Structure formats: C-alpha cells, structure tokens
Amino acid sequence: MSAGNGNANGDGGFSFPKGPAMRKITTGAKRGSEICHDDSGPTVKATTIDELHSLQKKRSAPTTPINQSGAAAFAAVSEEERQKIQLQSISASLASLTRESGPKVVRGDPAEKKADGSTTPAYAHGQHHSIFSPDLGAVSDSSLKFTHVLYNLSPAELYEQAIKYEKGSFITSNGALATLSGAKTGRAPRDKRVVRDATTEGELWWGKGSPNIEMDEHTFMVNRERAVDYLNSLEKVFVNDQFLNWDPENRIKVRIVSARAYHSLFMHNMCIRPTPEELESFGTPDFTIYNAGQFPCNRYTHYMTSSTSVDLNLSRREMVILGTQYAGEMKKGLFSVMHYLMPKRRILSLHSGCNMGKEGDVALFFGLSGTGKTTLSTDHNRYLIGDDEHCWTETGVSNIEGGCYAKCVDLSREKEPDIWNAIKFGTVLENVVFDEHTREVDYSDKSVTENTRAAYPIEFIPNAKIPCVGPHPKNVILLACDAFGVLPPVSKLNLAQTMYHFISGYTALVAGTEDGIKEPTATFSACFGAAFIMLHPTKYAAMLAEKMKTQGATGWLVNTGWAGGSYGVGNRIKVAYTRKIIDAIHSGSLLKANYKKTEIFGFEIPTEIEGIPSEILDPINSWSDKKAHKETLLKLGGLFKKNFETFANHKIGVDGKLTEEILAAGPIF
Ligand SMILES: Nc1ncnc2c1ncn2[C@@H]1O[C@H](COP(=O)(O)OP(=O)(O)OP(=O)(O)O)[C@@H](O)[C@H]1O
Ligand SMILES: O=C([O-])CC(=O)C(=O)O
Ligand SMILES: [Ca+2]
Ligand SMILES: [Mn+2]
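Below is a short write-up of the structure. Since the structure is predicted, the reported quantities are computational estimates derived from the model, not experimental observations.

1. Some points on the coordination of the calcium ion (ligand 3)
Each donor-metal-donor angle in an ideal tetrahedron of four donors is 109.5 degrees, and each such angle in an ideal octahedron of six donors is either 90 or 180 degrees.
Part 1 of the argument: Surrounding the calcium ion (ligand 3) are the protein donor atoms Thr 374 (OG1) and Tyr 405 (O), at 2.1 to 2.7 Å.
Part 2 of the argument: Take Thr 374: its relative accessible area is 10%, and that puts it in the buried class.

Okay, here's the thing in structure tokens:
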C-alpha cells in the first residue's frame, strides 16, 4: 500500500506537507488505527492495462447468416464455421465481376488493438478475427490486402466509428449523432438510372414523365465495378443485413455495404432490425446496395451527366451509389425496388404515413416531401404504424421500414413533442447546426440546408404499433402544402376525386426563402411519389381505387400550406389546426358535418369543425383581396388541367366508367 503524495496522519485524513498555506483536508472516514485511508476495495484481476481493458467488454457479435439450405443444420455448425460462411457471403457480395472472386475479408475494426498490443490482425493465426480468404493468387495489389468488415454494428459502436473517423460527426446535447451528408443534402432524382433490359423493357414506365431514366446493363457493371473497387480499396466497410416490410409473408432481405458509420447507423434505424435468430437464418440477401457515395462516378461513362449516379438493376437485384452521401438515396432506392416487387404480388406500395386509432381505425397520409406525413402520422393519441412507406395487401397494411425520417427544420417540442423526444441516443441528425460548446441543436438554423432530418427507429415513438401492421384503412388523407393558399384546409372527396388528386400528386412549395419573396411553384408528382414509382401511375391508381372501393374508405384532401393569401401575404396553417381537422376525420365527426361545394375544384367543404374558426374553412374568407383569390384559384386550376393532359388517354383499371369519372373530377371552368 502506498501513501502517495499525502502524509498519513493520526485521524485517517490527509494533510499536505507544503506548509501553512495548505488547508488540511479530511475525508471524513474514520478507520481507527489504519495508517492510510484506502477505499480501493479488492484489486482487479489484471496485471497490465491491456488486460484490464480486455475485462471491460464481454465478447459478443451479431450472429452469422448462413445459407437458407443449411439453416436446418445450423445447430451443428460451430461458431467459427458460421463466421466463415458469413464472411464468404460478404466476400461474394463484394466480388469484382472481372476478377470473379471476392476480396479477402476479415471481421472487426482494423484499428482495434489486439491483446498482444499489435494493431494489425494476426491474419496468419486468426484467433481474434474471423477471416475469409478466397484463393485469389496475387494477380493484383488488391488481392494482397484484407477488407475489414464491420457487420451489423450496434448504435454505440457506430457512434464511436463516426466520431473517431468521420469529420463532422458529433454527439449533440440530446444524445443524437449529428452528421453531415456532404455536398448533397437531398436526393438527386435526375442522377437516378434504371437498367433497361429484356425484362424491365416491357414492365416499367419509361419515357416522358417517368422517373426511370434508362441505362444499359454494361454501364451498370462499369459503375458497379467502380463502387466495388472503391469499397474494396478501403481498410474497412460497414455491412448491414436487415429486412424490409413488417408483413412476414412479403418480407425482403436487404444487405447494405457502405463506407460510413453514418450510412450504417441510418440504415440500422430505417430498415427493420433482425433479431439474433432471424440473422442466423438470413442466408443470401434479396437485394444489395453498394454505397460508394464518397467516390464520384466517371463522367466519361455513357449515360452519366454528372458525378453523381444512383443506379438500380432490378434483374441483378442491386443498387450502386456513386457521388452522393445523402443517406435518403438508400431509403428511397429500396422504396423504388418495393414499388416494383410488390405490385407483381398484387400488393399496393404507397408513399404514405399510416396510423391507427384505439378502435383499430386506420388512416393513410399521402403527400409529397414536406407536406406532413411524418408530422401528422405521429399523433400522441394514435398508434404509429409508419411515417413514409407502406404496403396495402388483401388483408391490411404493413410498414416497409423500421424507422422514421422526420424533417426537423423549425422543430419545436411544443408542436411535435413525440418527434422532439425521439431525437436522443441512437438517432441520426443530418445537417443540423448546433452550439459548439453546449451542443444544443438550433433547429431554426438553415445554414447547411433547409432539409435537416432526423432518422430514428420507430420504437422511439412511444405509441408505435409493433409489429407495424394494421387492418384496412378507413380514411385516405391526401396532403398538399398549397403555397398558393387557395385549396381549402379540408375537403371531402368522392372516389373519382380521390383518384384524380392521387394521380395528380400536387403540392406547391416556395423555392428559396433567402432572397425575399418568391412565387410558389407547383409540383405534380404522380401517386405523391413519382420519383419512386416504377410502373405507370395508373397501375397504382387502379389498385388504390379497387381497394378503397371494396373497403369503403373515405378520401380527404388536407391543405397543410397557406391560408389568408399566397406565400408572402398569408401564413402557413397552424399545425394545431391541421391536427384538429385530422382528429375530426379520425373520429368520424367530420363525415357527419354540413358541407358546401366549392367552385372550380368542386370540393365538398365542411362549414364547421369543432375547435377551428369557421371562417378559415373556406379560403375566400381569409383572403382580403377577393379578385386575387379568384385569379390564383384559376391559375392553379389551369396548372392541374395541364398536368393531367398526359393521363387523359390512359384507362384506369378495367372499369371504363371510372376512367371517365376521374377525368371529370378535376377543376371545371
Ligand atoms: N399545418 C401543418 N401541417 C403539417 N406540417 C406542418 C404544418 N405547418 C408546418 N408544418 C411543418 O411541415 C413539415 C412537414 O414535414 P414532414 O416531415 O411531416 O414531411 P413528410 O410529408 O413526412 O415528407 P418526407 O416524405 O420528405 O419525409 C414539418 O417541418 C412541420 O413542422
Ligand atoms: O427521400 C428523402 O430524402 C426524404 C423523403 O422522405 C422524401 O423526399 O419523400
Ligand atoms: Ca417524413
Ligand atoms: Mn418520403
């Protein structure tokens, strides 16, 4: 026992030998005759610092996926063998198509110190790391190196990786991980390509208005090789094996290979997280993403028009990302895949939020980006099924994802308490600004982008419905953020009107908020998500019409945008009012209200809703300039008409009568 710097004195306290200026410090512990106060307790079972550190962590790792065929026999497989099979599968995912063989892969962080003090893994012995080393022959330098795989890391591990190695990653005061997505802070739909081959040629929607810009198989392989080579050139890659779709019969297994902890944590949150048992029998993924977003595509490559390329190959079941680190590309890329796969099974895929009341009444919330799907489906009085992507089958609805992706510009605890509270340890906060010392986030700061986002697992919402499935919807709510300020806060729609507005997919946002007032610009995006659909919009519309009809669901159009004038004159309708409107839809009370019909659009609008000033229900009342109102209404009506021209000669479903009704359900003047 050592007395350290202190002099032991008789009463068990310390006194310092430095003369009278030093005050005597007492510990308060009276230990009688002990010459030195000691509170260390029993000593640790370690003789070196490294040994001590090795005691800190209990060994564990996500279990290993093995082949489906071998699943029954997995009990017989040793852990070592299991890990080898897993690495073999990951090596195969990362295989270069020209070399035909995958890289040598090793599990674990390359920077992690081994017990013997070395920082490089003992490849030859391999006691601490699983390794997979295909018989490559040293044909190139890349075959001499190992690629480290960080497989299904936990949020805590990913935090450490991000903070250690990724510039711009910080823990904010609420516990979230703040990251930067780089130059791109939103999706790049113009850089999305889809392989046009013998199969997709006839199946997908191509040409004018379609989001599917074609590329050929060969060019896809060029980009794939570029992404794979980039990933293999790194010291380490992140691999996520996860699921899409809470409907067990239509679940899709996805593998995401990425280079950033940010991407891995984002997908951990956004996809469905497998249980250890589910991971054991994961086998071969149904779809793989190669995210080499830090590395650009080669602009000399055919079909490339920028250094960003997001490429979908449905036949190969692969997606390649080059030149953008915006994580939403992965989320929405997979959504595109679901928009292809699900309709093949007669399942309708939807860009919608979804929640359920205590009585089991389900509501869908359609709307383009920023119209309120996440804000309004996250409702403290209802169960959240999901905020953005769903499937509607013969039996009901299911969420595709395992997490939510909320806009957080101007987020407030008061207006969106559940989202506010979901921003905690584990949540990814993209492109937000925070105080460098307190690390408090300033949600009003748009210095990086207006599209600041929070990605969190759905369980972070207290009343999430787990598993995220529900019965058939009772209400179908179409959200539009109308910056022209002429759409009523709420309209009841008949089936033909619902289809007309679903196919139109309208919203109007204000382009830029910085250089003074700008004209609102109308956006029409078929099925409220033209960027993600793969088939012609009328295919999805026909399915929606059929389902709404058989289930007797009611359609509504809710304007979450401007009232009292267009952008610059009026104001955005208060979230509290919109929530009251939505409450009245859910409760069924709005269905029983008195209605009047509007001119031009022919909407049925209620004359009264409890808790809302009646005058705001008809937009004309809140416009002081009535002439301007009429002109703006006609202008918007004209934009709708023009947009719908492309759909005028398409039949919707087998019912020719419905097609005619839909065409007649638009604005009339
Ligand atoms: N009356 C309103 N109703 C709904 N949202 C409103 C309203 N007024 C302001 N907002 C704001 O509009 C934004 C709606 O964004 P939200 O995240 O719900 O979009 P989203 O439809 O889920 O889009 P995305 O598909 O891009 O995720 C939020 O920032 C919300 O605070
Ligand atoms: O995909 C994104 O980046 C965000 C989103 O949900 C959308 O735009 O619909
Ligand atoms: Ca959202
Ligand atoms: Mn969305």
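2. Considerations on the coordination of the manganese ion (ligand 4)
Part 1 of the argument: Note on the manganese ion (ligand 4): its protein donors are Lys 332 (NZ), His 351 (NE2), Asp 388 (OD) and Asp 388 (OD). The metal-donor distances range over 2.3 to 2.7 Å.
Part 2 of the argument: Each donor residue of the manganese ion (ligand 4) belongs to the same chain, and together they define the spacing K-x18-H-x36-D.
Part 3 of the argument: Judged by relative accessible area, Lys 332 falls into the buried class, the value being 9%.

3. As for the packing of helix α11 (residues 495-504) against helix α16 (residues 656-664)
Part 1 of the argument: Interaxial distance between α11 and α16 falls to 8 Å at its minimum, and their mutual angle equals 70°. Overall, the two elements α11 and α16 adopt an arrangement that is roughly perpendicular. In this structure, α11 meets α16 at a crossing whose hand is right-handed. Here Leu 495, Ala 496, Met 499, Tyr 500 and Ile 503 of α11 lie close against α16, whose contacting residues are Leu 658, Glu 661 and Ile 662.
Part 2 of the argument: The residue makeup of the contact of α11 with α16, split by class, is 7 nonpolar, no polar and 1 charged.

4. Side note on the site of ligand 2
Part 1 of the argument: Around ligand 2, the neighbouring residues are Arg 187, Tyr 326, Lys 331, Lys 332, His 351, Ser 369, Asp 388, Tyr 405, Arg 453 and Phe 532.
Part 2 of the argument: Within the contact set of ligand 2, an oxygen atom lies 3.2 Å away from a side-chain nitrogen or oxygen of His 351.
Part 3 of the argument: Out of a free accessible area of 260 Å², ligand 2 has 95% covered by protein chains.
Part 4 of the argument: For the shell around ligand 2, the residue count by class is 3 nonpolar, 2 polar and 5 charged.

5. A few points about the packing of aromatic side chains
By convention here, two paired aromatic rings are described through the distance between centres and the angle between planes.
Part 1 of the argument: Applying the stated rule across the entire model yields 19 aromatic pairs.
Part 2 of the argument: Seen in terms of ring centroids, Tyr 230 and Phe 295 are 5.0 Å apart; in terms of plane orientation they differ by 15°. Their pairing is stacked. With a gap of 65 residues between them, Tyr 230 in helix α5 (residues 217-233) and Phe 295 in the loop between β12 (287-292) and β13 (309-313) connect regions that are remote in the sequence.
Part 3 of the argument: Among the aromatic side chains, those forming a connected cluster through ring pairs are Tyr 500, Tyr 506, Phe 524, Phe 601, Phe 603, Phe 640, Phe 644 and Phe 647.
Part 4 of the argument: Over the aromatic face of Phe 243 sits the side chain of Arg 251, whose NZ or CZ is 3.6 Å from the ring centroid.
Part 5 of the argument: A cation sits over an aromatic face here: Arg 453 above Tyr 405, 4.7 Å from the ring centre.

The rules behind these values
- Residues numbered from 1 in each chain as written.
- Chains lettered and ligands numbered in written order.
- Predicted model: local features only at pLDDT ≥ 70, side-chain atom pairs only at ≥ 80, totals over all residues.
- Heavy atoms only, no water.
- Donors = N, O, S within 2.8 Å, 3.2 Å for Na, K, Ca; no water.
- Buried < 20%, exposed > 50% of the residue type's maximum accessible area, 1.4 Å probe, protein only.
- Axes fitted to C-alpha atoms, helices over the stretch in contact; angles between N-to-C directions.
- Helix = DSSP H or I, 4+ residues; strand = E, 2+ residues; numbered from the N terminus.
- Parallel < 35°, antiparallel > 145°, perpendicular 65-115°, else oblique.
- Left-handed = near helix turned anticlockwise from the far one by under 90°.
- Contact = heavy atoms within 4.5 Å.
- Nonpolar A, V, L, I, M, F, W, Y, C, P; charged D, E, K, R; others polar.
- Near = heavy atom within 4 Å.
- Polar contact = N/O pair within 3.5 Å; in protein donor to acceptor, adjacent residues only side chain to side chain.
- Areas by Shrake-Rupley, 256 points an atom, 1.4 Å probe, with all protein chains shown as cover.
- Phe/Tyr/Trp six-rings, centres within 6.5 Å; stacked < 30°, edge-to-face > 60°.
- Lys NZ or Arg CZ within 6 Å of the ring centre and 35° of its normal.

Interpretation in functional terms is not warranted from these geometric data alone.
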